[in-house]
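Secondary and tertiary structure notes
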There are 2 protein chains.
Amino acid sequence: MKSDIDSLMQAHALDALLITGPGKHNPAMVYMTGGGHLTRADLIKKRGDEPVLFHYSMERDEAANTGLRTKNLDDYDLMSLYKEANGDQVKMQVARYQKMFAEMGISAGRMAIYGQSDAGGSYAIFTALQQAMPELTIVGELGNTVILEAMATKDPDAIERIRHMGKVTTGVVGQVADFLSSQRAKDGVLVRRDGTPVTIGDVKSRINLWLAERGAENPEDTIFAIGRDAGVPHSAGTPGDLLRLGQTIIFDIFPCEAGGGYFYDFTRTWCLGYASDDAAALYEDVRAVYDQVMSELSSGKVFKSYQDRTCELFEARGHPTGRSKPGTQEGYVHSLGHGVGLHIHEAPFSGFTSPDTDRLAPGVVVTIEPGLYYPERGMGVRLEDTIGVRPDGQFEILAEYPYDLVLPVQTG
Amino acid sequence: MKSDIDSLMQAHALDALLITGPGKHNPAMVYMTGGGHLTRADLIKKRGDEPVLFHYSMERDEAANTGLRTKNLDDYDLMSLYKEANGDQVKMQVARYQKMFAEMGISAGRMAIYGQSDAGGSYAIFTALQQAMPELTIVGELGNTVILEAMATKDPDAIERIRHMGKVTTGVVGQVADFLSSQRAKDGVLVRRDGTPVTIGDVKSRINLWLAERGAENPEDTIFAIGRDAGVPHSAGTPGDLLRLGQTIIFDIFPCEAGGGYFYDFTRTWCLGYASDDAAALYEDVRAVYDQVMSELSSGKVFKSYQDRTCELFEARGHPTGRSKPGTQEGYVHSLGHGVGLHIHEAPFSGFTSPDTDRLAPGVVVTIEPGLYYPERGMGVRLEDTIGVRPDGQFEILAEYPYDLVLPVQTG
C-alpha cells in the first residue's frame with residue numbers, strides 16, 4: 001500500500017525516489033498523483049517526507065488538482081539552462097535536475113528512478129546525471145521495485161475501483177454473449193439477419209463501443225480468438241475470421257479506467273451452438289483444474305507454488321506443461337496468473353522465475369487463469385477471474401460471471 | 001521516413017539500434033512493427049540489415065503478422081539463464097541480450113536504444129550491459145533521435161492515416177456541436193429538455209463514445225475547458241462544471257488510432273449562445289494571427305522561426321508573449337505547434353529551444369495552434385489545425401472544419 005512506501009524505501013536502502021514521465025498511462029505516476037493531464041512531470045519523494053510534483057506552468061491547475069505539494073518548472077529559468085548548455089538537451093536536463101535536487105536538499109545517498117519514458121532518453125539523462133553527481137547513487141530497480149511492492153497490496157479504495165472495472169468488464173461480456181446468441185447459424189457460421197457473416201472484427205468494434213459507453217478504455221485491445229488462434233495464448237484473433245460453430249473461442253478482455261487507471265482481467269472460453277467432444281473434454285480439464293486450484297488458495301502462500309501445483313494437476317490429466325516439457329507449445333504453456341492493478345501485469349507473479357517474496361498476501365489482487373492449448377488440433381481453452389485476498393485471508397472473485405462453455409445461437 | 005533509417009544511422013554514427021517494450025502505445029515499436037499484441041519484445045536492427053523481432057513464444061502469431069524476421073525468445077533457454085544468474089533479474093536480462101547480440105554478430109560499435117519502458121528498469125539493464133560489453137557503446141539519444149528524425153517526415157500511407165484520424169476527429173467535433181446546439185439555455189447555462197444542466201463530464205463521455213464508434217482511442221483525454229480553465233492552456237476542464245453561455249470554451253481533442261497508432265490534434269474555441277465583446281476581440285486577435293502565420297508558411301523553413309513571428313504578431317496587438325515577458329502566464333504562453341504522428345507531440349518542434357534542424361520539410365505533419373490566455377479575466381482562445389507539407393511544398397489542412405466562435409443554442 002502507498003502508506004508502506006517509506007518502510008519499503010528503508011528496506012531497499014533508498015533515500016529518495018524520482019518518478020518521471022506523463023501523467024496518464026504511466027502507472028507509477030498515476031499511483032502517486034491520481035493521473036491528471038500532465039504532458040511530462042517529475043515527482044520526487046525523500047524518505048519520510050511528502051512527495052513534491054514538478055510540473056510545467058501550462059499544467060499548473062492539473063498539478064494542483066493532485067492535492068500534492070507542487071513546484072512550477074518555469075521558476076527554474078529553463079531558458080538560461082538551455083543557453084548555458086549550448087542547446088545540449090542532456091546537459092540541460094541534468095542541470096534542471098541538479099537545481100531541483102538542490103532545492104530539495106538532495107546531494108547524496110541513494111535515489112531510485114521510475115516512470116514510463118523512452119529507454120534511450122532516460123539512459124542518456126541518468127547516466128550523465130550520475131557522472132555529474134558522484135555522491136548521489138542513482139538506482140535502477142528491476143523486478144520488485146519499491147513502487148511495485150507498494151502497489152502489490154491494494155488499499156480498499158483500489159479494490160473497489162478494480163471491482164467496479166470487473167462489473168464494467170462482465171457487463172460487456174454479457175452484452176457480447178447476448179449479441180452472439182441473438183444471431184443465427186447458417187452453413188456452420190454465425191450470420192446476421194441479412195445473411196452476412198459476423199466477423200471477429202465486428203465483435204471487437206462492439207466491445208470497444210460498449211466499454212466506452214461504460215466509461216472504460218481498452219488500450220491493449222481484446223483477445224477474441226477462434227480455432228487455431230485460440231491455441232496460441234496471446235493471438236489476439238484475426239479481424240476477418242468468421243465465427244464457426246463448435247470451435248473454441250478464447251475471449252480475454254482487460255480494459256482499464258479512462259486515462260490509464262485500474263485494470264480488470266477476465267477470460268471465458270465459448271463454443272457457439274455446440275462443443276465438439278474434443279473441445280468439451282479439454283474444457284472439463286481446465287475447469288476441474290481451475291476449481292481445484294481455487295479451492296486450495298491460501299493467504300500468505302508463495303504465488304508460484306500454485307504454478308507448480310497447476311502443472312501437477314494438468315500433468316496428471318495427461319497434458320504436457322512448461323515444467324514437464326520446457327518450451328512446449330502444447331498443453332499448459334504459461335503461468336497461472338499475475339497481479340492486476342494500474343498495470344495489467346504486475347506483482348505478484350507466479351512464473352517459475354518469480355521471487356519467493358511474491359505472495360498471496362491480504363490486499364493482493366491476482367488473476368487465476370489456467371489454460372490448455374493445442375494449436376495443431378485447432379483449439380484452446382482458458383478460464384480467468386480476477387480475485388482479491390481480503391484482510392481476513394479469504395479469497396473472492398471480484399466480478400462473478402457464469403462458466404458455460406456452449407453459447408446457444410438461433411438456428412434456421 | 002522509414003526508408004531513411006540507414007542513412008540516419010550513418011549520420012548519427014550508429015551501427016545498430018534496439019527498440020524495447022510493448023507492441024502497443026510504444027511509438028518506436030509501433031513504427032517498426034505496425035503494433036501487434038506483444039506484451040514485451042525487442043527489435044534489433046543493424047545498419048544496412050533488415051530488423052529482427054525477438055518475441056515470446058505465446059506471441060509468435062502476433063510477431064509473424066508484422067512480416068518482419070522473427071526470433072522466438074523461448075529458443076534462448078531463459079530458464080538456464082535465470083539459474084545461472086541466481087535469480088538476479090538484471091544479470092539474466094544482460095545474459096539474454098548478450099546471447100541475442102552474439103547471434104546477430106553484434107559485439108562492438110555503437111548501439112542506440114529506444115522504446116517506452118520503466119526508466120529504472122532500463123537504466124539498470126543498460127548500465128549493466130554496458131559494463132559487461134565494454135567494446136559495445138550503448139547510446140541513449142535524447143531530442144532528435146534516429147527514430148524521431150525518421151518519423152518526422154511521413155510517407156504517403158502515414159499521411160492518409162493521419163488524414164483519416166482528422167476525419168474521425170472533426171466528425172466527432174461536429175457531433176459535439178450538434179449536441180450542444182440542440183440543448184437549450186436556462187438562467188445562463190445549458191440544460192437538457194428535462195431542465196437538468198449539461199456538465200463538462202457529460203460532454204466528455206459523449207466524446208469518448210463517439211470516438212469509439214469511429215474506431216478511435218482517446219488515451220490522453222480531451223481538453224474541454226470553460227472560463228478561467230480555458231485561460232490555462234492544459235487545464236483539461238472540470239467534470240462538474242456547467243456550460244455558461246457567453247464564456248469561451250477551449251475544445252482541444254487529440255485521439256489516436258486504436259492500439260496507439262497515429263494521432264490527430266485539433267482545437268476550436270466556442271462561446272455558447274453569444275460572445276462577450278471581450279471574448280470576441282480576443283478571438284479576432286487569435287484568428288488574425290492564425291491566418292497570417294498560415295499564409296506565411298514556407299516549405300523548408302526552420303519551424304521555430306514562426307514562433308518568433310507569432311510572438312511578433314501578438315505583441316503588435318498588445319499581448320505579452322513568452323518572448324517579451326519570459327514566464328508570463330498571460331497572453332501567448334506556449335509554442336506555435338509541434339509534429340504529430342505516432343506521438344501526439346513529436347518532431348519538428350517550434351519552441352525557442354528546438355534545434356534549427358526542426359524544419360517544415362515536405363512530408364512533415366505539424367499543428368499550428370496560436371492562442372491567447374487571460375485566466376484572471378476568465379478566458380482563453382486557441383485555434384489549431386493539423387497540417388501537412390506536400391511533396392510540392394504546399395501546405396494543406398488535413399481535415400477542414402469551420403472556425404465560428406459562437407455556437408447558437410435553443411432559447412426559451
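Everything numeric here is computed off the predicted structure, so don't read it as measured data. (Residues numbered from 1 in each chain as written. Chains lettered and ligands numbered in written order. Predicted model: local features only at pLDDT ≥ 70, side-chain atom pairs only at ≥ 80, totals over all residues. Heavy atoms only, no water.)

Focus on the overall build of chain A
- Across its full length, chain A holds eleven helices and 22 strands.
- By principal-axis analysis of the C-alpha atoms, chain A measures approximately 75 × 45 × 35 Å.
- Residue burial in chain A is summarised as follows: out of 412 residues, 59% are buried.
- For chain A, the share of sequence-separated contacts (at least 6 apart) that also reach a separation of at least 24 residues comes to 67%. (Helix = DSSP H or I, 4+ residues; strand = E, 2+ residues; numbered from the N terminus. Buried < 20%, exposed > 50% of the residue type's maximum accessible area, 1.4 Å probe, protein only. Contact = heavy atoms within 4.5 Å.)

What to know about the nonpolar core
- In this structure, Val176(B), Leu180(B) and Leu243(B) are the most contacted members of the largest nonpolar core, which totals 74 residues.
- Here the element with the most residues in this core is helix α8 (residues 156-181) of chain B; it accounts for eleven residues.
- If we ignore the near neighbours within four places in the chain, the residues touching Leu243(B) are Leu180(B), Gly188(B), Val189(B), Leu190(B), Val198(B), Ile200(B), Val203(B), Phe224(B), Ile226(B), Ile249(B) and Leu272(B).
- Counting residues in each nonpolar core, the second largest holds 72 residues, with Met29(A), Ala41(A), Phe224(A) and Leu243(A) among its members. (Core = buried A, V, L, I, M, F, W, Y, C linked by side-chain atoms within 4.5 Å.)

Digging into the pattern of salt bridges
- Counted according to the given criterion, the structure contains 48 salt bridges over all chains.
- Residue Asp308(B) pairs with Arg323(B) through a salt bridge whose shortest N-O separation is 3.6 Å. Here Arg323(B) lies in the loop between α11 (304-316) and β15 (338-339) and Asp308(B) lies in helix α11, a separation of 15 residues in the sequence.
- A single salt-bridge network, built from bridges that share partners, covers Asp157(A), Arg161(A) and Glu257(A). (Salt bridge = Lys/Arg side-chain N within 4 Å of Asp/Glu carboxyl O.)

Notes on the environment of Leu190(B)
Residue and element names in this part refer to chain B.
- With respect to the helices and strands, Leu-190 occurs in strand β9 (residues 189-191).
- By relative accessible area, which is 0% here, Leu-190 ends up buried.
- Each C-alpha atom of the pair Leu-190 and Val-302 lies 44 Å from the other, and the pair is 112 residues apart in sequence.

Focus: the interface of chain A and chain B
- Listed as interface residues are 67 residues of chain A and, on the opposing side, 67 residues of chain B.
- If you sort the residues of chain A by the area they bury against chain B, Met58(A), Tyr123(A) and His234(A) come out on top, with a joint share of 15%.
- At the boundary of chain A with chain B, the tally comes to two salt bridges.
- Here chain A and chain B share 31 residue pairs in polar contact (both at pLDDT 80 or more) between them.
- Listing elements by their share of the side of chain A that touches chain B, those giving two or more residues are α3 (60-65), α4 (78-84), α5 (89-104), β5 (109-114), β6 (116-118), α6 (119-132), β7 (136-140) and α9 (200-213) of chain A.
- For the side of chain A that touches chain B, the leading source of residues is α6(A), giving ten residues.
- Of the residues assigned to the side of chain A that touches chain B, the class counts are 23 nonpolar, 29 polar and 15 charged. (Buried area = accessible area lost by both parts, 1.4 Å probe. Polar contact = N/O pair within 3.5 Å; in protein donor to acceptor, adjacent residues only side chain to side chain. Nonpolar A, V, L, I, M, F, W, Y, C, P; charged D, E, K, R; others polar.)

What to know about the packing of aromatic side chains
Residue and element names in this part refer to chain A.
- The final tally for this structure, using the stated rule, is 18 aromatic pairs over all chains.
- Between the aromatic rings of Tyr-290 and Tyr-403, the centroid separation amounts to 5.7 Å while the plane-to-plane angle is 50°, which identifies the pairing as tilted. In this pair, Tyr-290 sits in helix α10 (residues 277-296) while Tyr-403 sits in the loop between β21 (395-397) and β22 (406-407), placing the two residues 113 residues apart along the sequence. Comparing Tyr-290 with Tyr-403 shows no difference in burial state: the two are buried. (Phe/Tyr/Trp six-rings, centres within 6.5 Å; stacked < 30°, edge-to-face > 60°.)

Quick word on the domain arrangement of chain A
Residues and elements named next belong to chain A.
- Domain parsing of chain A yields domain 1 (2-149) and domain 2 (153-411).
- Contacts between domain 1 and domain 2 engage nine residues on the former and twelve residues on the latter.
- Where domain 1 abuts domain 2, roughly 910 Å² becomes buried across the two surfaces, and 55% of that area is made up of carbon and sulfur atoms.
- Per-residue buried area on domain 1 facing domain 2 is highest for His-25, Pro-27 and Asn-144; these three make up 50% of the total on that side.
- At the junction of domain 1 with domain 2, the criterion picks out three residue pairs in polar contact (both at pLDDT 80 or more). (Domains from an automatic or database assignment.)

A short note on the sheet that holds strand β1 (residues 16-21) of chain B
All names here are of chain B.
- The six strands are arranged β4-β3-β2-β1-β5-β7 in an open sheet whose pairing can be described as mixed. What marks the edges here is a single partner per strand, and that holds for β4 (69-72) and β7 (136-140). If you compare each strand with its neighbour and ignore which way they point, the axes differ by 25° on average.
- The pairing of strand β2 (residues 41-46) with strand β3 (residues 52-55) spans three bridges and is classified as antiparallel. Paired with Ile-44 across the bridge in β3 is Val-52.
- Across the face of the sheet, helix α5 (residues 89-104) comes into contact with β1, β2, β3, β4, β5 (109-114) and β7 while running at roughly 35° to β2. (Pairing = 2+ DSSP bridges. Axes fitted to C-alpha atoms, helices over the stretch in contact; angles between N-to-C directions.)

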